[in-house]
Amino acid sequence: MIGAAASFYLLGSGRVMGASGIIGGLVDRSGWSTWAERLAFIAGLAVVPALLKPVYNVPVVTNITDNLFAIVAAGLLVGIGTRVANGCTSGHGVCGISRFSIRGMAATVFYLIGGGLAVIVFRHLFEVI
Amino acid sequence: MLRNIFGFIAGGLFGAGLLVSGMTNTRKVQGWLDIFGDWDPTLAFVLGGAILPTAIAWNIASRRAKAMLGNPLPGKPGTEVDHNLMLGSLMFGAGWGLVGLCPGPAVASISWGGIGGLVFMFAMLAGMLVAPAFRARLNAVATAIR
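Residues numbered from 1 in each chain as written. Chains lettered and ligands numbered in written order. Predicted model: local features only at pLDDT ≥ 70, side-chain atom pairs only at ≥ 80, totals over all residues. Heavy atoms only, no water.

A.B. asks: Before we move on, can you summarise the pattern of salt bridges with the specific residues and values?
C.D. replies: Residue and element names in this part refer to chain A. Tallying each qualifying case throughout the model produces 4 salt bridges over all chains. Among the salt bridges present, the one from arginine 15 reaches glutamate 37, with a minimum N-O distance of 2.9 Å. One end of the pair, arginine 15, is in the loop between α1 (2–13) and α2 (19–27); the other, glutamate 37, is in helix α3 (residues 35–52), with 22 residues separating them in the sequence. Looking at glutamate 37, the relative accessible area reads 4%, which means it is buried. For aspartate 28, the salt bridge identified is with arginine 83, shortest N-O distance 3.0 Å. (Salt bridge = Lys/Arg side-chain N within 4 Å of Asp/Glu carboxyl O. Helix = DSSP H or I, 4+ residues; strand = E, 2+ residues; numbered from the N terminus. Buried < 20%, exposed > 50% of the residue type's maximum accessible area, 1.4 Å probe, protein only.)

A.B. asks: An account of a nonpolar patch on the surface is requested, with residue identities and associated values reported.
C.D. replies: A cluster of nonpolar side chains, contributed by Phe100, Ile102 and Met105 of chain A together with Val81 of chain B, occupies part of the molecular surface with about 370 Å² of accessible area. With respect to the helices and strands, the residue isoleucine 102 of chain A is situated in helix α6 (residues 102–125). We classify isoleucine 102 of chain A as partly exposed; its relative accessible area is 45%. (Patch = residues over 30% accessible without salt bridge, like charges linked within 9 Å, V, L, I, M, F, W, Y side chains within 5 Å. Areas by Shrake-Rupley, 256 points an atom, 1.4 Å probe, with all protein chains shown as cover.)

A.B. asks: Explain the nonpolar core residue by residue, including any values.
C.D. replies: In terms of nonpolar packing, the biggest core is built from 49 residues, with Met17 and Phe41 of chain A together with Phe14, Trp96, Phe120 and Met124 of chain B touching the most fellow members. Excluding its chain neighbours within four sequence positions, the residues that come into contact with phenylalanine 14 of chain B are Ile2, Ala5, Met17, Ala19, Phe41, Leu45 and Ser90 of chain A together with Gly104 of chain B. (Core = buried A, V, L, I, M, F, W, Y, C linked by side-chain atoms within 4.5 Å. Contact = heavy atoms within 4.5 Å.)

A.B. asks: Can you break down the environment of lysine 76 of chain B residue by residue, with the values?
C.D. replies: Summarising the element assignment, lysine 76 of chain B is placed in the loop between α3 (42–62) and α4 (83–99). For lysine 76 of chain B, a relative accessible area of 81% puts it in the exposed group.

A.B. asks: Mind laying out unusual backbone geometry, listing which residues take part and the relevant values?
C.D. replies: Residues and elements named next belong to chain A. A positive phi angle, near 55°, is found at asparagine 63, a position not held by glycine. The topology assignment puts asparagine 63 in the loop between α3 and α4 (68–85). A relative accessible area of 34% places asparagine 63 in the partly exposed class. Positive phi, close to 65°, is recorded for asparagine 86, a residue that is not glycine.

A.B. asks: How would you sum up the interface of chain B and chain A? Please name residues and give values.
C.D. replies: At the junction of the two partners, chain B supplies 98 residues and chain A supplies 91 residues. The largest per-residue losses of area from chain B upon contact with chain A belong to Phe14, Trp58 and Leu98 of chain B, which jointly make up 9% of the total buried on that side. Put simply, chain B and chain A have 1 salt bridge between them. Of the charged contacts, one joins arginine 123 of chain A and aspartate 34 of chain B as a salt bridge, the two residues approaching to 3.1 Å between their closest N and O atoms. Joining chain B to chain A, the criterion identifies 18 residue pairs in polar contact (both at pLDDT 80 or more). Of all the secondary structure elements, the ones that give two or more residues to the side of chain B that touches chain A are α1 (2–21), α2 (26–33), α3, α4, α5 (103–108) and α6 (114–145) of chain B. Top contributing element to the side of chain B that touches chain A by residue count: α1 of chain B, with 18 residues. Across the side of chain B that touches chain A, the residue classes break down as 60 nonpolar, 31 polar and 7 charged. (Buried area = accessible area lost by both parts, 1.4 Å probe. Polar contact = N/O pair within 3.5 Å; in protein donor to acceptor, adjacent residues only side chain to side chain. Nonpolar A, V, L, I, M, F, W, Y, C, P; charged D, E, K, R; others polar.)

In structure tokens:
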């Protein structure tokens, strides 16, 4: 379904389906000229899972930590990091790797290293997550 | 209008995929990133399963002049792996590992993520707001080093 969404957005609208770019372009106004399309994408992304959740028969939980300090720090890191690197899991990971983009593949290697290190340090070393 | 409807459909399909695949479950994501601990490899199949059809779509796109709605298809990707790409991705990965949410799933799970999910999203938006200034600072440092 993720691949179908990326393919549909590419061939239908001519866009790279990258969540951080679509959201970030609204936040820093760099993509303001296409604000309505961005907002429509974000609305679909938030509303469709909300409608689907009750009919999905497996209990859906995010299991998010209750450590507010970790949540704020992680949110800031994800927000700054994806915009500085120009992409996240969907833009660099799915859309980048699938077109054999050097930047997409390199970004994926670096964010997997960052994620792996964070889990090692905060789960196994400090045992806070 | 059609452009917005297409956007909504793409976002909706993406969100449904994230929900069904377990990408909005932070424990599962952290289990996938826990390579040296109790590694759960299933999300690799999610990524692979998304990459495969998209690769076919890129192939079709390469033989077309325009998208269905008439606007141009994306140009060739850049090839420069610079400090912004590397450091930004490391930072993003660290945040992703710490809590287990990346931008797509953070929005997709907003209706059931509770206070924690909301706080994460606002922190992420704040990060995106200061990112251009952070990037300018980073570029200045990189130039000074060179």
